[in-house]
Amino acid sequence: MSNQTSSPGPDPKTYDVIILGASGFTGKYVLREALKFLTTPNSPLKTLALAGRSPERLSEALKWASGPGSPPKIPLLTADTTEPSSLSRLAAQAKIILNCVGPFRLYGEPVVSACVDSGCDYIDICGEPEFMERMEALYHEKAVEKGSLVISACGFDSVPAEIGLLFHSRKWVGPSVPNRVEAYLSLESDKKIVGNFGTYESAVLGVANAHKLVELRKTRPKTARPAIPGPSPPKGSIIEHQKQLGLWALKLPSADSTVVRRTLTALTQNPQFPMVSLELTKLPKTSKTRIKIAARFIPAIVLGIFIGLLSKIALGRRLLLKFPSFFSLGWFRKNGPSEAEVASATFKMWFVGHGFSDADVASSRGNKKPDTEIVTRVMGPEVGYLTTPIILIQCALILLADRDSLPKGGVLTPGIVFGPTDLQERLQANGISFDFVSKNAL
């Protein structure tokens, strides 16, 4: 991987940002968030265009996102992920393309390819490990050559995990060192929690194609792993009662773990990356999804069983995707949540770190147990339609404002690109908080 910085020079691009898929469920919320920063004082976002298959739907999304006022005059561009020439035209006109069209394993690669070919930067809200790792394998070297940054997982997957872990790492002040960090996610709402259908579809297709990720990893060169102070961390149980947080936890597959490990691997192999805290290279990460009310285990377990049994066969996948509300016991539905359901939802992501008060103790012989616990927390609004757009737009604004100080190009993780920037401060200013909770002796 390269850590060169881009050199300044004239940029003939017509638009600062093009939002691809702006009329979709998540895309229209991304558009609404972008309009808050369009041509406002001190904002680098001066020109914006929307792209999708239907100009009529884009126009409707623009009216919705503009609220009661008159919508601004924003170009509406026709593009289709099945038509590479239309994507090439987009990439030739944009400094950055924000891709909101998923599932990314089905529709993402042509957009990445067009951006890399033109030297346009690309960021998305993908939470699909196989897609992200495949794009790195196929396009990283060319992206470095062309000066195109390709950054997936710039939404709730996986920026709270990446930046939250970096925030947590700063609390381990020498001589103390961490041995393990576990993340717990609590989704809360005064109303029914309803998930994004795109997330559900991606999960079904991800399980159905899990073998492809295994096969891809077998073809990739083995990578160095960060050193862990002290003994190897335990794997932990599937179901856990976290008494300190007052919650039960169910361990579920997560893109966060994959993305964070890629960041840690990149830092281990490329120590020249200017991360804010190299302590991050010492932090292992496991991921557990926390369910605040024990009764919510039931739909999660039922959904897991259905996806595990049915996603491997074509008929089963069709049924899963046709009747999401039935198979998820109401957690997912095709028309998505109502605006009231979105407004009432929040999340808390806890980082519980166990380590040693003195690095010398961790490195001494013998099976020493951690003697220190540090807890931090990230909190914010609903994950799919509020937190994700906030994160995506702030990442885009950083690319526009600070492009010359960022890596020249490559397929990189959010932690590598945005870790050294002021992304955390930007998120805090826009409703996503980072808090120190406690430090205790064990």
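The rules we used
Residues numbered from 1 in each chain as written. Predicted model: local features only at pLDDT ≥ 70, side-chain atom pairs only at ≥ 80, totals over all residues. Heavy atoms only, no water. Helix = DSSP H or I, 4+ residues; strand = E, 2+ residues; numbered from the N terminus. Rg over C-alpha atoms; globule rule 2.2 N^0.38 Å. Buried < 20%, exposed > 50% of the residue type's maximum accessible area, 1.4 Å probe, protein only. Lys, Arg positive; Asp, Glu negative; His and termini not counted. Charge placed at Lys NZ, Arg CZ, Asp CG, Glu CD. Pairing = 2+ DSSP bridges. Arc of directions from axis to C-beta. UniProt positions renumbered as here; feature names shortened; annotations may be inferred. Axes fitted to C-alpha atoms, helices over the stretch in contact; angles between N-to-C directions. Parallel < 35°, antiparallel > 145°, perpendicular 65-115°, else oblique. Left-handed = near helix turned anticlockwise from the far one by under 90°. Contact = heavy atoms within 4.5 Å. Nonpolar A, V, L, I, M, F, W, Y, C, P; charged D, E, K, R; others polar. Phe/Tyr/Trp six-rings, centres within 6.5 Å; stacked < 30°, edge-to-face > 60°.

### What about the overall build of the chain?
- Scanning the chain for helices and strands turns up 18 helices and 14 strands.
- For the chain, the C-alpha radius of gyration of 21 Å lies close to 22 Å, the compact-globule estimate for 442 residues.
- Expressed along its principal axes, the backbone C-alpha trace of the chain runs to roughly 65 × 55 × 45 Å.
- The proportion of buried residues among the 442 residues of the chain is 55%.
- One finds the centroid of the 52 positive side-chain charges in the chain at a distance of 5 Å from the centroid of its 39 negative side-chain charges.

### Focus: the pairing of strand β5 (residues 121–124)
- Side chains Asp121 and Ile123 of β5 all project onto a buried face; the interleaved residues Tyr122 and Asp124 project onto the opposite face, where all are buried too.
- By the bridge criterion, four bridges tie strand β4 (residues 94–99) to β5 in an arrangement that is parallel. If you follow Leu98 over to β5, its bridge partner there is Ile123.
- Where β5 lies against strand β6 (residues 149–151), two bridges are found, and the strand directions are parallel. Its bridge partner lying in β6, Ile123 is registered against Ile151.

### With respect to helix α3 (residues 84–93)
- For α3, the full list of buried residues reads Ser86, Leu87, Leu90 and Ala91. Along the long axis of α3, the arc covered by the buried residues comes to 135 degrees, so they all point the same way.

### A short note on the UniProt feature "domain: Saccharopine dehydrogenase NADP binding" (unreviewed entry) in the chain
- Mapped onto this structure's residue numbering, the UniProt feature "domain: Saccharopine dehydrogenase NADP binding" (unreviewed entry) falls at residues 17–151.
- Between the end C-alpha atoms of residues 17–151 the distance is 15 Å, and the span holds 48% helix and 19% strand.

### A few points about the packing of helix α1 (residues 25–35) against helix α2 (residues 55–66)
- The contact between α1 and α2 brings their axes to 9 Å, and the two run at 50 degrees. When the axes of α1 and α2 are compared, the pair comes out oblique. Note on packing geometry: the crossing formed by α1 with α2 is right-handed. Residue-level inspection shows Lys28, Tyr29, Leu31, Arg32 and Leu35 of α1 in contact with α2, the latter providing Ala61, Leu62, Trp64, Ala65 and Ser66.
- Partitioning the contact of α1 with α2 into residue classes produces seven nonpolar, one polar and two charged.

### Here's the deal with the sheet that holds β5
- One open sheet accounts for seven strands, arranged β3-β2-β1-β4-β5-β6-β13; its pairing is parallel. Every other strand in the sheet has two partners, leaving β3 (76–78) and β13 (410–412) as the edge strands with one partner each. Neighbour to neighbour, the strand axes of the sheet diverge by 20 degrees on average, direction disregarded.
- Pairing of β6 with β13 involves three bridges; the strand directions are parallel.

### Structural notes on the pairing of strand β2 (residues 48–52)
- Burial within β2 is extensive, with five of its five residues counted as buried.
- Taking every second residue as pointing to the same face, both faces of β2 are buried, with Leu48, Leu50 and Gly52 on one and Ala49 and Ala51 on the other.
- With four bridges joining them, strand β1 (residues 15–20) and β2 adopt parallel strand pairing. In the strand pairing of β2, Leu20 is matched with Ala51.

### Brief notes about unusual backbone geometry
- Here the amide bond leading from Gly102 into Pro103 is cis, since omega sits at -5 degrees, within 30 degrees of zero.
- Relative to the helices and strands, Pro103 resides in the loop between β4 and α4 (104–107).
- Looking along the chain, the bond that leaves Asp157 and enters Ser158 is cis, with omega of 5 degrees.
- Inspection of the secondary structure puts Ser158 in the loop between β6 and α7 (159–169).
- Here Asn42, not a glycine, exhibits a phi torsion of approximately 70 degrees, which is positive.
- Residue placement: Asn42 occurs in the loop between α1 and β2.
- With relative accessibility at 82%, the residue Asn42 sits in the exposed group.

### Description of the packing of aromatic side chains
- Taken as a whole and judged by the stated rule, the model has 10 aromatic pairs.
- Measuring from centroid to centroid gives 5.1 Å for Tyr29 and Tyr385, while their planes differ by 50 degrees, and the two rings are tilted. In this pair, Tyr29 sits in helix α1 while Tyr385 sits in helix α16 (residues 383–402), placing the two residues 356 residues apart along the sequence.
- What makes Tyr385 buried here is its relative accessible area of 3%.
- Between Phe306 and Phe326, the ring centres sit 6.4 Å apart and the planes meet at 35 degrees, which makes this aromatic pair tilted. A residue pair is termed long-range when its members are at least 10 positions apart, and Phe306 in helix α11 (residues 297–310) and Phe326 in helix α13 (residues 324–327) qualify at 20 residues.
- In this structure Phe306 comes out as partly exposed when scored by relative accessible area, which is 26%.

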